[in-house]
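# Geometric and topological summary
What follows is each chain in one-letter form.
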Amino acid sequence: MKKIYLLLSFLSLTLTLSAQKEMRLWQGGESTRISLSDAQTITYGNNGSTVTIAGTTYQTSAIDSIVIIPRVTVTYDGSSASVSIPASVQSDITATVDGAYVTITNNNVSNEVDFVLCGQSSDGSFTYNGSYKATMVLNDLTLTSQRGAALDIQCGKRIAIVLEDGTTNTLSDYAQGSQKGCLYCKGHIELEGGGTLNVSGNLTHAIKSKEYMQLKKSTGTINILQAVGDAIHVGQFYQQNGGTVNITSTTQSDGIQVEILTLDDDITPDPDKEFNGQLFVRGGKINIEVAQEDCKALKSDSLITISGGSFVITASGNGSRGMQTDGNMIIGEEDNATSITIAATGAPCTNEDHEDDPHRCMGMKIDGNLTVNAGTITVTNTGSKSRGIRCGTYTKNGGTVSANIKKG
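This text gives an overview of the structure that appears in the document. Because the structure is predicted, anything quoted here is derived from the model rather than measured. (Residues numbered from 1 in each chain as written. Predicted model: local features only at pLDDT ≥ 70, side-chain atom pairs only at ≥ 80, totals over all residues. Heavy atoms only, no water.)

## Things to note about the state of the cysteines
- Applying the stated rule across the entire model yields 0 disulfides.
- Cys182 forms no disulfide, and the closest cysteine sulfur to it belongs to Cys185, at a distance of 14 Å.
- We classify Cys182 as buried; its relative accessible area is 0%. (Disulfide = S-S within 2.5 Å. Buried < 20%, exposed > 50% of the residue type's maximum accessible area, 1.4 Å probe, protein only.)

## So, the packing of aromatic side chains
- Following the criterion strictly, the structure yields 5 aromatic pairs and no others.
- When the centroid spacing of 5.6 Å and the interplanar angle of 90° are considered together, the rings of Phe237 and Phe275 count as edge-to-face. Residue Phe237 is found in strand E23 (residues 237-240), and its partner Phe275 is found in the loop between strand E25 (256-259) and strand E26 (278-281); the two are separated by 38 residues along the sequence.
- Phe237 gets classed as buried once you look at its relative accessible area, which sits at 5%.
- For Phe275, a relative accessible area of 39% gives the class partly exposed.
- Taken together, a centroid distance of 5.2 Å and an interplanar angle of 80° make the contact between Phe275 and Phe280 edge-to-face.
- Here the aromatic cluster, defined as three or more aromatic residues joined through ring pairs, consists of Tyr212, Phe237, Phe275 and Phe280.
- For Arg147, the ring lying beneath its charged end belongs to Tyr101, and the centroid distance is 3.7 Å. (Phe/Tyr/Trp six-rings, centres within 6.5 Å; stacked < 30°, edge-to-face > 60°. Helix = DSSP H or I, 4+ residues; strand = E, 2+ residues; numbered from the N terminus. Lys NZ or Arg CZ within 6 Å of the ring centre and 35° of its normal.)

## Examining the environment of Gly48
- By secondary structure assignment, the location of Gly48 is in the loop between strand E3 (42-45) and strand E4 (50-53).
- Here the alpha-carbon distance between Gly48 and Ala344, two residues 296 residues apart in the chain, equals 60 Å.

## Observations regarding the sheet that holds E3
- Pairing within the open sheet is antiparallel, and its 3 strands lie in the order E3-E4-E5. Lying at the two open borders of the sheet, with one neighbouring strand each, are E3 and strand E5 (56-59). Each neighbouring strand pair of the sheet contributes to a mean axis angle of 25°, computed without reference to strand direction.
- In this structure, E3 lies alongside E4, joined through 4 bridges in antiparallel fashion. Within E4, the residue paired with Thr43 across the bridge is Thr52. (Pairing = 2+ DSSP bridges. Axes fitted to C-alpha atoms, helices over the stretch in contact; angles between N-to-C directions.)

## Focus: the pattern of salt bridges
- Enumeration over the complete set of coordinates arrives at 9 salt bridges.
- We note a salt bridge from Glu112 to Arg158, for which the minimum N-O separation is 3.2 Å. Linking Glu112 in the loop between strand E9 (100-106) and strand E10 (114-121) with Arg158 in strand E14 (residues 158-163), this pair joins segments that are 46 residues apart in sequence.
- For Lys296, the salt bridge is made with Asp294, and the minimal N-O distance between the two is 3.9 Å. (Salt bridge = Lys/Arg side-chain N within 4 Å of Asp/Glu carboxyl O.)

## A word on the nonpolar core
- Counting 78 residues, the largest nonpolar core has Phe126, Ile161, Ile224, Ile256, Met323 and Met364 as its most contacted members.
- Here the element with the most residues in this core is strand E12 (residues 134-144); it accounts for 5 residues.
- When neighbours within four sequence positions are excluded, Ile161 is seen to be in contact with Met136, Leu138, Ile153, Leu183, Ile189, Glu190, Leu191 and Glu192.
- Formed by 10 residues, the second largest nonpolar core is a distinct cluster that contains Ile34, Ile42, Tyr58 and Ile66. (Core = buried A, V, L, I, M, F, W, Y, C linked by side-chain atoms within 4.5 Å. Contact = heavy atoms within 4.5 Å.)

## Topic: the pairing of E14
- For E14, the buried fraction is high: 6 of the 6 residues fall into the buried class.
- Across the two faces of E14 the burial is the same, with Arg158, Ala160 and Val162 and Ile159, Ile161 and Leu163 all buried.
- The pairing of E12 with E14 spans 5 bridges and is classified as parallel. Looking at E14, one finds that Met136 is bridged to Ile161.
- Direction of pairing for E14 relative to strand E17 (residues 188-192): parallel, over a ladder of 5 bridges.

What follows is the structure, given as structure tokens:
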């Protein structure tokens, strides 16, 4: 009961707080975001065993914690931008605005802050400097940078990117810049929210995360409209629990590439990075066409684990691959139903680097072992000398596999 009374007192206090804050309610490791402007009515039931906030009823005993998060709002309006910083964090956060180019520096190292980005500019960007985890909320944001990245997050910690439900957010970067991606994060990205994100990488990668990238179950749709480099380039690991990723044939390199992070010698894998080089798909949809030579729709330096999700992949470039890993691949349905459809329609690679031994277009190329425990896998190869699946060894414990498989 002590927990209940403390919770009720805390919730009552929130009614007096500024609308420039957000309530985050945690249950079982997952959080629910509630704007305080929506939480002005809080009712209690069953002698305090339930609480109703913004129309949703929660069991008090199931609530782990409630945190009030300050919100900084950046509003773009054509050639200009404005920044609103709550008084409670003004001593820690500074903003520099040059036209519609906004740079935020956050010196807070103990409390999280949300940054809400909204509006539009065809000549602007957002740069974030900080050393503590933060959340970027994209709320109908349209940004085209004429200097570098559209979103440049120079923070090595966890960065949550929230696509507000029902919004469309579009990012495009500068083709003559020096940035590593249109959306770049020095740390790790966790995507959530049911909105849409459109990204064009006009210099190199569309999205680049130096460390891991995770799509949560609530994630909406990510459309990579163009990428001169990889559509999505990730260090450490990539994990997709939900959402839809669409990568068009205009991508000039790989679709989703995961690389092993190494130590300073650039050879030894960093032992502190868990799941280093791995790719996990547990749900959601992935639709990719790779039309360029010697490119891969999904590429991992290590293990690929698929335990749910829908994949529709076309490898139409010469020497291209639908999925490729330097390690093993395990396919099952532990989290959701798994459906994989890959068409290898390209011919052998004609790049000069491979003219002595032009490699084939393949649906899947697995240097290690392929294990299928469940799911429906269909791989067709109609391109000249193309191949369905090539792997080291093949173990089928369940599922349905329709493909030409070459082992060894």
